[in-house]
Amino acid sequence: MEQADHGDLAALLPEDVLADVLRRVAEPRWLALSRCVCKAWRAIIDGGSLLRTELPFSGFFITFAELCLPEFFARPLSPLGRPAISGKLDFLPTPIKVCSDGWSLDGDYYIQDHCNGLLLLDGYVVNPATRCWNALPVCPHNHTGDGGIVHGILTHDYYLAFDPKVSSHYHVFEIPYLRWGKDGIDPLDETSEWPPSPYILHVFSSRRGCWEERLFVREGDAAGTLAKARVYESRLHSVYWRGYLYVHCQGDFIMRISLSEDKYSAIKAPMGVGDTNYIGLSEKGVYFASFVKNHIRVCILNESSNQLEWILKHDYDLKPIQMFDRQVHGPWILQDINYGVFRSHLPNINKEEVIHEKFEWNSDDDDFPKNEDMVEVHRRHPYFEIEILGFHPYKEILFLSRSETFKLKAMAFAYHLNSFNIESLGSIYPSCHRYFDSGLANEAREIESFPYTPCVGSKRSHKE
């Protein structure tokens, strides 16, 4: 008599019972490994958000191209039990020095990327919450070719992949993108697929302490040809979620890279996107925001089926932000790290004392005033520029900034995507900046922002 195969005993359990069993796995690392057992286990773990251990959202690191240190924009006081976060980064071995003339600087700490509490700088991976850091060795470029395309038409950006729930180690990806223009390009290369397959990427592993060349095989179609992909993209962002690195690396596609499987996919950007785009992480996963005329369009990546697709959440009107007609100090403030660095070299200027108004940011409360400050004024406004600062990592809130020419009177706003309410958070313009620079250039590429979630549980791979 033939006996039934009971090799997969877990498959005999009802789904709710199996979910309860998996919920009892206390160590997030083992729960993350359980996602790799089979598609059914992955669906239960992801669908029930069993792995979600939220790092606290603390604010934004903001880098200005002309300033040597990043600024931190957040609520004035850290909640009890949380470390004080700062952009000063004075614990690094090569601190910023202001020369005797007051204008020359020795070094800068421009942030290239952030992931789950770690900052990627030029030459360092830093944890500001624990004041720990690692020196990052120089990536050894392959001078004969990159990803099957002739070297010399490519440049590179760097992105972090780190999940403290899974491992204390991190990876840094060097992602090539095509240079603007056609100088030095063989016309035959214009018809080549982009990205190529296999795609040769340099990946740094903190576990091994070195860069490695890795070959990633493409799943699905290419994004297009080399000629189509070579589109100027001013702001390049990444998201690391559930073991995949999503990089809006160029043009109208996003790369979805699996380090564990050495595979990648090219995901088309949502239809009808505008000139300014942003990929970020929020409540339901990977989000894509884009300016379309006087609206901002927000889409969510649906990964429940085998085919990845974008779902439009809504078009949001930007007029309430454009109509805001007063300068607000607080409830968030900029730390003014750069003002402190330059202060001794500035003219005899007293920094304006900021008086905080009596209201507080509360992202858990949806009962907001109905845009009481958003009043239309019938006088000529200066030129306004609105930029995306980022998404709240756990709530459907989009953070925006609005500024006049040269970023004067730059203010931050929180746009609640479900209630359509808008909060003014405060000024993000560094104090007295006009005295040590001609002004912040009025271009999106001159300001970068990173929603920051401090990680204090892992210090093993960093040192002070």
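Residues numbered from 1 in each chain as written. Predicted model: local features only at pLDDT ≥ 70, side-chain atom pairs only at ≥ 80, totals over all residues. Heavy atoms only, no water.

**Here's the deal with the overall build of the protein**
Along the backbone of the protein there are 7 helices and 28 strands. Counting the 464 residues in the protein, one finds 50% classified as buried. For the protein, the proportion of contacts with a sequence separation of at least 24, taken over those separated by at least 6, is 61%. In the structure as shown, the protein presents an accessible area of about 23200 Å², 50% of it carried by carbon and sulfur atoms. (Helix = DSSP H or I, 4+ residues; strand = E, 2+ residues; numbered from the N terminus. Buried < 20%, exposed > 50% of the residue type's maximum accessible area, 1.4 Å probe, protein only. Contact = heavy atoms within 4.5 Å. Areas by Shrake-Rupley, 256 points an atom, 1.4 Å probe, with all protein chains shown as cover.)

**Focus on the sheet that holds strand β20 (residues 285-292)**
By way of backbone hydrogen bonds, the strands of a sheet pair with one another, either parallel or antiparallel. Ordered in space as β19-β20-β21-β22, the 4 strands form an open sheet in which the pairing is antiparallel. Unpaired on one side and paired on the other, β19 (277-282) and β22 (309-317) mark the two borders of the sheet. For this sheet, the mean angle separating the axes of adjacent strands, direction not counted, is 25 degrees. Bridging between β19 and β20 involves 6 bridges; their strand directions are antiparallel. Within β20, the residue paired with Gly280 across the bridge is Tyr287. (Pairing = 2+ DSSP bridges. Axes fitted to C-alpha atoms, helices over the stretch in contact; angles between N-to-C directions.)

**As for the pattern of salt bridges**
On inspection of all chains with the given rule, the structure shows 10 salt bridges. Across the salt bridge formed by Arg131 and Asp90, the nearest N and O atoms sit 3.5 Å from each other. In this pair, Arg131 is assigned in the loop between β7 (124-127) and β8 (132-135) and Asp90 in the loop between β2 (71-74) and β3 (97-98), connecting sequence segments 41 residues apart. Note on Arg131: relative accessible area 36%, which makes it partly exposed. Across the salt bridge formed by Lys284 and Glu396, the nearest N and O atoms sit 3.4 Å from each other. Linking Lys284 in the loop between β19 and β20 with Glu396 in the loop between β24 (385-391) and β25 (397-403), this pair joins segments that are 112 residues apart in sequence. Given a relative accessible area of 47%, Lys284 falls into the partly exposed group. (Salt bridge = Lys/Arg side-chain N within 4 Å of Asp/Glu carboxyl O.)

**Things to note about the sheet that holds β25**
Spatially, the 4 strands line up as an open sheet ordered β24-β25-β26-β27, and their pairing is antiparallel. Looking at strand neighbours, the two that pair on one side only are β24 and β27 (422-427), the edges of this open sheet. If you compare each strand with its neighbour and ignore which way they point, the axes differ by 25 degrees on average. As defined by bridge partners, strand β26 (residues 411-416) adjoins β27 across 5 bridges and the pair is classed as antiparallel. Counted as the bridge partner of Ala414 is Glu423 from β27.

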